[in-house]
Amino acid sequence: MVSSRSRIRQGNVRRVMDVAYIPSPSRGVWHLGPLPVRGYALCIILGVIAAVWISERRWVARGGRRGVIGDVAIWAVPFGIVGARIYHVITTPDPYFGDGGNPWEAFAIWKGGIGIWGAISMGALGAWIACRRQGVPLPAVADVAAPGIAVAQAIGRWGNWFNQELYGKPTDLPWALKIDLDKRVAGYENYATFHPTFLYESLWVLALAGVLIWAERRYQLGHGRLFALYVAGYTLGRAWIEYLRIDTAHRFGGLRLNDWVSFVVFILAVTYIVISSRERPGREDLAALPEPSAGGPRVGRDRESSPAGEPGSDRDGADRNSDAQTEVPVSSGGEPPGNPDEPG
């Protein structure tokens, strides 16, 4: 944190004073030969890796089989990234389809601009497909992944710091964020330091991850309720963070669109927690989940429950193995002995 002379406020001159602030990175892109390495992308990638690692450890600790979370992530992550970008473009269309906008920029995800609700909704669709293939319940996977997703958000939000974007209103607080002149929102060119909303959200979701782990241990939340608690907790923080932001966004009734979305999603999440607690108390036993069928579609069932003689069942295989390994005693005359109960 460094200090600078105060700014000239638009319309009047403020008293000169030393102001502490958080500096922005001097650059957000580095080049390894012809390959650009973007700070924004690195934060997203590190967040995904952290989420998968944390979720896999939690899944195995609860008795689930190894590799399930990695297989789910192969589907959920690409779906989530696409959904996040689509949500951003739909809710902030002016830079792409407004006056002077460039529609091709809608595909330039490396320049920033993703929406968490698009990531969650489309990521859930990808996770549902993967869970069907794995033969595991989506609510259980969502509960296990919730703290990891919160940590991923905490890491990913630092990508906004590298891009100098999505900051809040001007402020002189000691932790204010200094924004370069060419990165300032139109109308705020005469201000230099702003609320670091990326930092606020990062700290909020880190604290939320801790609350989720505590709540899971305290109340044994299952059947998707821990994930719903994550959604409800995130929307609470997102509401006041949205209030501080000054980037372009559609407004309805005096509130930004994301505020309305947060309000609706919060109500839905709390409603789900209440109804699910009544309908399905307790938590899933991941150790009792069936193994996938070998060589077949990954929607297997518990092979111990397969009927005797059914192809692919353990008992059928065991019978075949025992038949193949049984030696038939041969009489001294070289013929198999007859049944003693049958006539001579």
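Residues numbered from 1 in each chain as written. Predicted model: local features only at pLDDT ≥ 70, side-chain atom pairs only at ≥ 80, totals over all residues. Heavy atoms only, no water.

## Observations concerning the packing of helix H1 (residues 39-61) against helix H5 (residues 138-156)
How we decide: In this description, a line fitted to the C-alpha atoms serves as the axis of each element, helices being fitted only across the stretch in contact, and the angle between N-to-C directions of two axes falls anywhere from 0 to 180 degrees. Every helix listed is a DSSP run of H or I at least four residues long, and every strand listed is a run of E at least two residues long, numbered separately from the N terminus. In this scheme, roughly parallel covers angles under 35 degrees and roughly antiparallel covers those over 145, while 65 to 115 is roughly perpendicular and the rest are oblique. For a crossing to be left-handed, the near helix must be turned anticlockwise from the far one by less than a right angle; the clockwise case is right-handed. The contact criterion used is simple: two residues touch if any of their non-hydrogen atoms lie within 4.5 Å.
Put simply, H1 and H5 touch, their axes get as near as 8 Å, and they point 150 degrees apart. Compared by their axis directions, H1 and H5 come out roughly antiparallel. Considering only the axes of H1 and H5, their crossing is right-handed. In this structure, H1 contributes Cys43, Ile44, Leu46, Gly47, Val48, Ala50, Ala51, Ile54, Ser55, Arg58 and Trp59 to the contact, and H5 contributes Ala140, Val141, Asp143, Val144, Ala145, Pro147, Gly148, Ile149, Val151, Ala152, Ile155 and Gly156.

## Quick word on the pattern of salt bridges
Put simply, the test is: The term salt bridge refers to a side-chain nitrogen of Lys or Arg lying within 4 Å of a carboxyl oxygen of Asp or Glu. For the exposure calls, accessible area comes from a 1.4 Å probe over protein chains only, and a residue counts as buried if that area is under 20% of its type's maximum, exposed if over 50%, partly exposed in between.
Counted under the stated rule, the structure contains 10 salt bridges. Of the charged contacts in the structure, one is a salt bridge between arginine 283 and glutamate 216, with a shortest N-O distance of 3.6 Å. Residue arginine 283 is found in the loop between helix H9 (257-279) and helix H10 (314-325), and its partner glutamate 216 is found in helix H7 (residues 197-219); the two are separated by 67 residues along the sequence. You can call glutamate 216 buried: its relative accessible area is 6%. Taking the shortest distance from any N to any O, the salt bridge between arginine 256 and aspartate 247 comes out at 3.1 Å. When its relative accessible area of 2% is taken as the criterion, arginine 256 is described as buried. Exposure remark for aspartate 247: the relative accessible area of 16% places this residue in the buried category. Several salt bridges share partner residues, and in doing so they unite Arg58, Arg62, Glu216, Arg283 and Glu284 into one network.

## Brief notes about the pairing of strand S3 (residues 29-32)
Which entries qualify depends on this criterion: Think of it this way: DSSP has to see at least two bridges between two strands before they count as a pair.
Pairing geometry for S3 and strand S4 (residues 35-38), over four bridges, is antiparallel. Note that in S4 the partner of leucine 32 across the bridge is leucine 35. Between S3 and S4, which follow one another and run antiparallel, lie two residues, and glycine 33 among them has a positive phi close to 65 degrees.

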